[in-house]
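Analysis of the macromolecular model
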Amino acid sequence: MKFLDEAKVYIRSGDGGNGCVAFRREKFIEFGGPSGGNGGRGGDVIIEVADGLNTLIDYRYQQHFKAQKGGNGMGSDRHGAGGKDIVLKVPLGTQIFDEDRETLIHDFTKVGEKFVLATGGNGGFGNAHFKSSTNRAPRNANPGQPGEERWIWLRLKLIADAGLVGLPNAGKSTFLSVVSAAKPKIADYPFTTLHPQLGVVRTDGREFVLADIPGLIEGAHEGAGLGDRFLGHVERCRVLLHLVDATSEHAGKDYKTIRAELEAYDADLADKTEIVALSKIDAVSPEHLKDQKARLKRAAKKTPLLLSSVSREGVPEALRALLALIGEAPVSANAKKATESAQEPEPEQPSGWSPLGR
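Below or above, wherever it landed, is the structure these notes cover. (Residues numbered from 1 in each chain as written. Predicted model: local features only at pLDDT ≥ 70, side-chain atom pairs only at ≥ 80, totals over all residues. Heavy atoms only, no water.)

**A few points about the overall build of the protein chain**
Counting its secondary structure elements, the protein chain contains seven helices and 14 strands. A total of 358 residues make up the protein chain; the buried ones form 47% of that total. Sequence-distant contacts in the protein chain: of pairs separated by 6 or more residues, those separated by 24 or more amount to 74%. Surface exposure of the protein chain reaches about 18,600 Å², of which carbon and sulfur atoms provide 49%. (Helix = DSSP H or I, 4+ residues; strand = E, 2+ residues; numbered from the N terminus. Buried < 20%, exposed > 50% of the residue type's maximum accessible area, 1.4 Å probe, protein only. Contact = heavy atoms within 4.5 Å. Areas by Shrake-Rupley, 256 points an atom, 1.4 Å probe, with all protein chains shown as cover.)

**What about the sheet that holds strand S4 (residues 86-90)?**
Strand order in the open sheet formed by three strands is S4-S2-S7, with mixed pairing between adjacent strands. A strand with exactly one partner marks an edge of an open sheet, and here the two such strands are S4 and strand S7 (114-118). Sheet twist, expressed as the mean angle between neighbouring strand axes with direction ignored, is 30°. (Pairing = 2+ DSSP bridges. Axes fitted to C-alpha atoms, helices over the stretch in contact; angles between N-to-C directions.)

**Thoughts on helix H3 (residues 251-265)**
Under the 1.5 Å per step criterion, the end-to-end length of H3 is 22 Å for 15 residues, consistent within 8% with the ideal 21 Å. Buried within H3 are the following residues: Ala251, Gly252, Asp254, Tyr255, Thr257, Ile258, Arg259, Glu261 and Leu262. (Expected span 1.5 Å × (residues − 1).)

**Concerning the packing of aromatic side chains**
The final tally for this structure, using the stated rule, is three aromatic pairs. Residues Tyr59 and Phe65 carry aromatic rings whose centres are separated by 5.6 Å and whose planes lie at 65° to one another, so their mutual orientation is edge-to-face. Geometrically, the ring pair formed by Phe125 and Phe130 is edge-to-face, given 6.4 Å between the ring centres and 90° between the ring planes. For Phe125, a relative accessible area of 21% gives the class partly exposed. The ring of Trp151 is capped by Lys8, whose NZ or CZ atom sits 5.2 Å from the centre of that ring. It is Arg155 that lies over the ring of Phe97; its NZ or CZ is 4.3 Å from the centre. (Phe/Tyr/Trp six-rings, centres within 6.5 Å; stacked < 30°, edge-to-face > 60°. Lys NZ or Arg CZ within 6 Å of the ring centre and 35° of its normal.)

**So, the sheet that holds strand S8 (residues 149-156)**
Within the open sheet, the five strands sit side by side as S3-S1-S8-S5-S6. Their pairing is mixed. A strand with exactly one partner marks an edge of an open sheet, and here the two such strands are strand S3 (64-66) and strand S6 (104-107). The mean angle between the axes of side-by-side strands here comes to 30°, regardless of whether they run parallel or antiparallel. As paired strands, strand S5 (residues 94-97) and S8 are joined by four bridges and run antiparallel to one another. When the sheet's bridge partners are listed, Ile96 is paired in S8 with Leu154.

**Looking at the packing of H3 against helix H5 (residues 286-300)**
At a closest axis distance of 7 Å, the pairing of H3 and H5 adopts a crossing angle of 35°. The two elements H3 and H5 meet at a crossing, and its hand is right-handed. Contacts between H3 and H5 involve Ala251, Gly252, Tyr255 and Lys256 from the first element and Gln292, Arg295, Leu296, Ala299 and Ala300 from the second. In terms of residue class, the contact of H3 with H5 is built from five nonpolar, two polar and two charged. (Left-handed = near helix turned anticlockwise from the far one by under 90°. Nonpolar A, V, L, I, M, F, W, Y, C, P; charged D, E, K, R; others polar.)

Listed below in structure tokens is the structure:
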């Protein structure tokens, strides 16, 4: 299955059914009166979080979704049937944006959460509705109200406990393959990872989800390399593990390059709890390793961990450091707002409310 984290979708709720103009005409029934029924309500467009989904690939091949129209009213006081709702299934962590790609409509943070994106049109009243003491034979009915239509963007931000960041070929995919059952592509050239990868890590009797984010380079916030389109997945992570390649020319400069890109993307992202580690220590000499460690310590203002995914040296210590912080680190500000908004009670319906008057 291909990974797709963004999709443009057209949605339209159902139109309401038209009201009917009819009169009761039966033998031996004098003054039968109006009997036109009301139109049915159009179907809603609902988006629901489904467990087990981890990509938006379903919306690559179908982009138009329309709910059913409400049935028209008929004679003998028969009301039209309500249109069927259409439900779009999305993975946990999906956000809905307006067509401008900037206005956030909703942020899904819980499995099973539902959101009515477009409400179906109300059905029109038939002429029986307008009967009164002064208007015994009304000959008018209302048409159904049209449904809502719009283009939206679905954007998926993976929800993981920890995220791997670093320059291309910093050893992120190798680290993920060693500590979990994930099988990311590994090669000796940059940008091997083209899509975020998830793996479940088990250590010391506990589990957490680790995400491998495609590598960043200088100028990623301006579109260089793969750009910063995948940094949105890091927003959901509680802790970042920043891997710096020990075989590079200057570990301190590499660290500052990534930090600059994180800050250019989002200041909140740069403030996340971070663990710094020097990777591939088995591929350098002790003297070079000592110099790289000193450079990285000066740049990060903290002592980095030393690890090698190939020899497994330092890997258990890195996992324990992540576990120690995952339970303490706060979630992102955006996720906090989404959770708080999801917990707000729904407004009470006004008195005299009815389905036809919605």
